[in-house]
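# Overview (structure and organization)
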Amino acid sequence: MDALTAKFYETNAESLATTYDSVSFKRVHKAWENFWPKKECRDLFALDIGAGSGRDAKWLAERGVQVVAVEPTAALRAIGKLHTQNLSVNWIKDSLPDFAEVTKLGMRFDLILASAVWMHIAPSERARAFRKMANLLNPGAQLIISLRHGDFEDSRSGHAVSAEELEKLARHHGLVMKLATEKQSDELGRSQVTWQTVVLSKPEDGSDNLATIRQVILNDSKSATYKLALLRTLLRIADAHPGSVLDRSDGKVAIPVGLVALYWTRQFMRLCNIGGLHQHPLTNEKLGFIKKGWNALAQRHLGPDELMVGAFLNQEEAEALKAAFQDVLRTIKEGPVTFTYRGDRSQPLFSIDRSIHRSKGAVLLDNDYFASYGSFILEESLWDCLRTYHSWIEPLVTQEWVREMRRYKCNQQQELRTDNPVTLGDYYEHLKWVDAKHDTSAIRDKMVSLHQEGYPLKSVWSGQSVTPQSAHVDHCLPFAHWPNNDRWNLLPATARENTSKSDKLPNTKRLNQSRTRVLEWWQAAFEEEGERNQFFAQAQVSLPSLPAGCREFEAVYEAMGLQSAGLKSRLLLSEW
């Protein structure tokens with residue numbers, strides 16, 4: 001959309017919204033009625049592109065569909081939000097062909113509606129725009145595009161469109177044309193305008209990336225647990241830290257290689273330093289990264305729970321971590337990055353673009369710090385696969401890692417010793433990413449200090465008064481399904497609410513009603529600069545729709561709502 005067209009929509013938002021709403025969804029979209037979602041279809045997810053006044057998003061949500069509404073015009077977006085209040089509609093600012101914010105969500109949709117949008121996309125950008133939409137479809141999903149024929153009589157501009165063009169793009173991306181209507185008259189009575197509707201479907205099929213991952217897990221040769229460690233590290237980052245992505249272009253995704261080093265370090269610390277479990281057929285002394293830097297971390301009592309995103313390290317601790325990361329990254333690059341490929345070594349799955357880390361003094365472990373070591377690069381489709389199917393792939397990787405460790409003679413000897421033998425449960429226990437107790441002590445301590453200062457503690461969900469003793473710490477996005485102890489995800493609630501909510505996601509209505517109380521809690525709990533820095537550092541890497549460098553609680557709240565919608569889409573979670 002050019003600048004003049006964008007300005008027209010912004011300036012005339014109210015009159016345009018009135019015009020849009022004068023015609024019902026059923027009249028405008030009757031042409032594809034056979035593909036409308038059935039009523040009460042609460043497991044369906046729809047993407048409404050160019051959502052305008054929210055008319056279509058509202059109709060879909062009232063049928064039970066979970067909707068992500070995309071609208072680049074701020075004034076129209078504000079109107080749309082009012083029209084869809086307390087419905088399962090999440091609004092986001094974005095536009096084709098970039099679709100950067102939508103892509104970050106990591107969601108797939110059962111229905112994508114692009115109504116009165118395609119004519120605003122320049123022909124040179126359409127192949128890219130179509131690819132973006134096709135990649136967001138679930139198998140069996142429908143892509144609905146309405147085509148406007150006829151010039152504008154105002155300052156907006158459009159380009160010629162045709163069903164034939166869409167059919168060609170569909171074939172290129174493996175979509176099937178289900179419907180292409182004849183040109184039909186305009187519902188608003190404009191004689192110079194006609195419309196066509198095209199319905200495209202994505203066939204039910206398998207995934208080449210899943211087959212590749214299965215090959216790495218089960219069939220690739222392994223001289224140590226390195227390949228499994230790298231795959232599990234990437235799974236963790238894709239699931240827990242989708243906001244860490246540095247670049248997404250040309251079919252590739254780049255993430256901070258320092259974040260890869262962090263999670264590699266954390267999992268091997270649990271296995272080697274805490275569990276005493278060997279990760280090499282001989283001994284852990286053969287591991288290429290257990291050197292001076294690694295030992296310096298242990299001497300300074302920096303373990304996996306201390307080395308978390310948002311942690312603050314003094315100069316000596318930072319130097320130890322830098323040395324450890326250098327050895328870890330050398331091991332990753334020379335080992336699993338070099339020897340993990342499709343078919344042969346000419347088709348590597350991963351690559352590393354290293355930078356020289358130059359920071360000195362104390363450091364905050366945030367995305368900028370991790371990116372200062374360089375980028376870890378993988379195919380966009382593989383990244384999406386890791387994120388979408390994390391909950392299925394992770395158990396398989398863990399199971400194979402346990403099997404691999406139990407093959408090593410040094411571990412077998414530990415299982416047979418009479419004094420405190422290693423059990424099967426020990427292997428799984430030390431492969432957990434986050435403490436099973438999901439420590440919330442920092443938030444409990446904060447509630448105590450605020451209470452002592454006279455702050456009126458209350459549940460964010462109901463506004464009911466609580467004390468530090470009676471309050472429960474609730475994971476807004478449930479820990480059982482998405483292990484995350486970030487500060488933004490821990491909220492005060494009553495015991496009854498926490499029990500009732502259990503492992504469910506808060507629904508859209510409840511989130512909207514609790515907005516002010518959540519924001520007030522964040523403002524009070526994270527007033528001190530260091531705590532606020534940690535809060536935003538954690539939110540930045542965990543919430544993919546959060547703008548880079550964001551320091552606004554309101555933006556975090558919006559991003560939390562979108563992340564909730566994404567989890568529901570990927571994991572099919574129940575709502576509270």
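Definitions and limits used
Residues numbered from 1 in each chain as written. Predicted model: local features only at pLDDT ≥ 70, side-chain atom pairs only at ≥ 80, totals over all residues. Heavy atoms only, no water. Pairing = 2+ DSSP bridges. Helix = DSSP H or I, 4+ residues; strand = E, 2+ residues; numbered from the N terminus. Axes fitted to C-alpha atoms, helices over the stretch in contact; angles between N-to-C directions. Contact = heavy atoms within 4.5 Å. Phe/Tyr/Trp six-rings, centres within 6.5 Å; stacked < 30°, edge-to-face > 60°. Buried < 20%, exposed > 50% of the residue type's maximum accessible area, 1.4 Å probe, protein only. Arc of directions from axis to C-beta. Lys, Arg positive; Asp, Glu negative; His and termini not counted. Salt bridge = Lys/Arg side-chain N within 4 Å of Asp/Glu carboxyl O. Polar contact = N/O pair within 3.5 Å; in protein donor to acceptor, adjacent residues only side chain to side chain. Disulfide = S-S within 2.5 Å. Right-handed = clockwise from strand over helix to strand, strands pointing away.

### Quick word on the sheet that holds strand S14 (residues 374-379)
- Here 4 strands make up an open sheet; going across it, the order is S9-S10-S14-S12 and the pairing antiparallel. Of all strands in the sheet, those with a lone pairing partner are strand S9 (247-249) and strand S12 (350-354), marking the two edges. Averaged over all pairs of adjacent strands, the angle between their axes in this sheet comes to 20°, without regard to strand direction.
- Both S12 and S14 contribute to a ladder of 5 bridges, which runs antiparallel. Paired with Asp353 across the two strands is Ser375, which belongs to S14.
- The sheet strands contacting helix H16 (residues 380-388) are S9, strand S10 (252-256), S12 and S14, and the helix crosses S14 at an angle near 85°.

### Focus: the packing of aromatic side chains
- By the definition in use, this model includes 28 aromatic pairs.
- Arranged with centres 6.5 Å apart and planes meeting at 80°, the rings of Trp118 and Phe130 form a pair that is edge-to-face. One end of the pair, Trp118, is in the loop between strand S4 (109-114) and helix H7 (123-135); the other, Phe130, is in helix H7, and 12 residues separate them in sequence.
- Residue classification places Trp118 among the buried positions, given a relative accessible area of 1%.
- Aromatic pair Tyr226 and Trp264: ring centres 5.5 Å apart, planes at 55°, arrangement tilted. With Tyr226 in helix H10 (residues 226-240) and Trp264 in helix H11 (residues 257-274), the pair connects residues that are 38 residues apart, well separated along the chain.
- Residue Tyr226 is classed as buried on the basis of its relative accessible area, which comes to 15%.

### What about helix H12 (residues 292-299)?
- When we look at burial in H12, the residues that qualify are Gly293, Trp294, Ala296 and Leu297. Angularly, the buried residues of H12 cover 160° about the axis, an arc narrow enough to put them on a single face. Within H12, the exposed residues directed more than 90 degrees away from the buried face are Lys292 and Gln299.
- Those residues of H12 hidden inside the fold are in contact with H11 and helix H13 (315-334).
- Among the residues trailing H12, His301 stands out with phi positive, at a value near 60°.

### Considerations on the side chain of Arg148
- Within the secondary structure, Arg148 is located in strand S5 (residues 137-149).
- Here Arg148 occupies a buried position and makes no salt bridge, while the nearest side chain of opposite charge, Asp186, is found at 6.4 Å.
- At 3.4 Å, the side chain of Arg148 and the backbone oxygen of Gly150 are in polar contact.
- Of the polar contacts made by the side chain of Arg148, one reaches the backbone oxygen of Asp151; its length is 3.1 Å.
- The contact partners of Arg148, leaving out residues within four places of it in the chain, are Met119, Val161, Arg190, Val193, Thr194 and Trp195.

### So, the state of the cysteines
- One pass over the structure, following the stated rule, counts 0 disulfides.
- Cys550 supplies the cysteine sulfur nearest to Cys476, a cysteine that is in no disulfide, at a spacing of 17 Å.
- Judged by its relative accessible area of 0%, Cys476 is buried.

### Concerning the pairing of S5
- Extensive coverage of S5 is indicated by the burial of 10 of its 13 residues.
- In this fold, S4 hands off to H7, which returns the chain to S5; that crossover is right-handed.

### Some details on the pairing of strand S2 (residues 66-70)
- Across the 5 residues of S2, 5 count as buried, placing the element largely inside the fold.
- Every second residue of S2 is oriented toward a common face, with Gln66, Val68 and Val70 on one face and Val67 and Ala69 on the other, all of them buried.
- Of the strand pairs in this sheet, strand S1 (residues 45-49) and S2 are connected by 5 bridges, and their pairing is parallel. Residue pairing in the sheet places Phe45 in a bridge with Gln66 of S2.
- Pairing between S2 and strand S3 (residues 89-92): 4 bridges, direction parallel. Considered in S3, the bridge of Val68 is made with Asn90.
- Running through helix H5 (residues 74-83), the crossover from S2 to the neighbouring parallel element S3 is right-handed.

### Remarks on the environment of Leu147
- With respect to the helices and strands, Leu147 occurs in strand S5.
- Setting aside residues no more than four positions away along its own chain, Leu147 makes contact with Trp118, Val161, Ser162, Ala163, Leu166, Thr194, Trp195, Gln196 and Val198.

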